[in-house]
Amino acid sequence: MLTRKQHELLMFITDRLQTTGQSPSFDEMKEALKLRSKSGIHRLVTALEERGFIRRLPHRARALEVLKSPEAVVPAAGSHASSGQPAITRASVIRPDFAGRRPTLPPPSSTETRTLPLYGRIAAGTPIEALRDQSSFVEVPTTLLDNGEHYALEVSGDSMIDAGIFDGDTVIIQRSDAADNGTIVVALVDNEEVTLKRLRRKGNSVALESANEAYETRIFGPDRVQVQGKLVGLMRRYN
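Residues numbered from 1 in each chain as written. Predicted model: local features only at pLDDT ≥ 70, side-chain atom pairs only at ≥ 80, totals over all residues. Heavy atoms only, no water.

Trainee: Any chance you could explain the overall build of the protein here in plain terms?
Mentor: A count of helical and extended segments in the protein gives 3 helices and 13 strands. Within the protein, buried positions represent 43% of all 239 residues. Taking the contacts inside the protein whose residues are at least 6 apart along the sequence as the reference set, 61% of them involve residues at least 24 apart. With the model as given, the accessible surface of the protein reaches about 13400 Å², and the carbon-plus-sulfur share is 46%. (Helix = DSSP H or I, 4+ residues; strand = E, 2+ residues; numbered from the N terminus. Buried < 20%, exposed > 50% of the residue type's maximum accessible area, 1.4 Å probe, protein only. Contact = heavy atoms within 4.5 Å. Areas by Shrake-Rupley, 256 points an atom, 1.4 Å probe, with all protein chains shown as cover.)

Okay, here's the thing in structure tokens:
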């Protein structure tokens, strides 16, 4: 069964994928559903995933796939689309018809992998000192890699959960000393701490921004932060 808010979110995600080909951000979902906190959106997304309506694509930080469209569930009377926004039902619950079917997933585009060095754990919360373990490696699908040199880091902490990055995930980093505003980067702070955050620049200030309302954005002078790489992929193990 889906609650009204779960159905509203499913309609919004479906409409955005159909019109733009890209999943909406958690901020966009929060605004569309008029919620105060992104944690509420996180719970709704998790509920839809557990009920088989959507799936998080495993190797991208922000990507959702709709497995069962809103038209596949019993519609509520009086739903209307307006102003280009998805129709929102007034029913309290929706009864899905699973019919025992499993979604057909596309075959992987490539089975080729590349061995990358795994440089310990990186904080997605409070910065920690970089670990340079030269003895650990990880096999990474080449579909996650761009041009240039890459390395892997294991995430520690929960400050990037609203970007789809969780404690224990392995992030794939393209080595780089520059990044555009809004890019998730590995940042070296004061030449001794390293952290995974979203980079924002304004004037002479550099902000390292979390994707979790429980964490504050940290502001630094331009000479205190060095970009060490850009996030290009993510791997997750399910136990």
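Trainee: What's the story with the nonpolar core in this structure? I'm lost.
Mentor: Among soluble globular proteins, nonpolar side chains are generally buried collectively. With 17 residues, the main nonpolar core has Leu153, Ile165, Val171, Ile173, Ile184, Val186 and Leu196 as its most contacted residues. Within the residue set of this core, elements represented by two or more residues are strand E5 (113-123), strand E7 (150-156), strand E8 (170-175), strand E9 (184-189), strand E10 (193-202) and strand E13 (225-235). Among the elements that make up this core, the one with the highest residue count is E7 (3 residues). Filtering out sequence-adjacent residues up to four positions away, Ile184 remains in contact with Met160, Ala163, Ile165, Leu196, Lys197, Arg198, Lys230 and Leu231. (Core = buried A, V, L, I, M, F, W, Y, C linked by side-chain atoms within 4.5 Å.)

Trainee: What is the right way to read the pairing of E10 from this model?
Mentor: Residues in a regular strand project their side chains so that they alternate between the two faces of the sheet. When E9 meets E10, the two strands line up antiparallel, connected through 6 bridges. Considered in E10, the bridge of Leu188 is made with Val194. Following E9, the chain reverses through 3 residues before pairing antiparallel with E10; Asp190 in that reversal takes a positive phi of roughly 55°. Bridge count for E10 against strand E11 (residues 205-209) is 5 bridges, and the pairing is antiparallel. Pairing of Arg200 across the sheet is with Ala207, part of E11. Following E10, the chain reverses through 2 residues before pairing antiparallel with E11; Gly203 in that reversal takes a positive phi of roughly 65°. (Pairing = 2+ DSSP bridges.)

Trainee: What is the right way to look at the pattern of salt bridges in this model?
Mentor: Side-chain pairs of opposite charge can arise where the charged atoms are in close proximity. Counted according to the given criterion, the structure contains 8 salt bridges. Note that Lys5 is salt-bridged to Glu8, the shortest N-O span being 3.5 Å. Placement of both Lys5 and Glu8 in helix H1 (residues 4-20) is noted, with a separation of 3 residues, approximately one turn of the helix. For Lys5, a relative accessible area of 24% gives the class partly exposed. In this structure, the salt-bridge partner of Glu28 is Arg16, at a minimum N-O distance of 3.0 Å. Within this pair, whereas Glu28 is found in helix H2 (residues 26-33), its partner Arg16 is found in helix H1, the two being separated by 12 residues in sequence. Through salt bridges with shared partners, a single ionic network connects Arg4, Lys5 and Glu8. (Salt bridge = Lys/Arg side-chain N within 4 Å of Asp/Glu carboxyl O.)

Trainee: Honestly, H1 in this entry has me stumped. Any pointers?
Mentor: Working note: α-helix, 3.6 residues per turn, so residues spaced by three or four point in the same direction. Spanning 17 residues, H1 covers 24 Å between terminal C-alpha atoms, matching the ideal 24 Å at 1.5 Å per step. Gln6, His7, Glu8, Leu9, Leu10, Met11, Phe12, Ile13 and Thr14 are the residues of H1 that are buried. Looking one or two residues beyond H1, the residue adopting positive phi is Gly21, at roughly 75°. (Expected span 1.5 Å × (residues − 1).)

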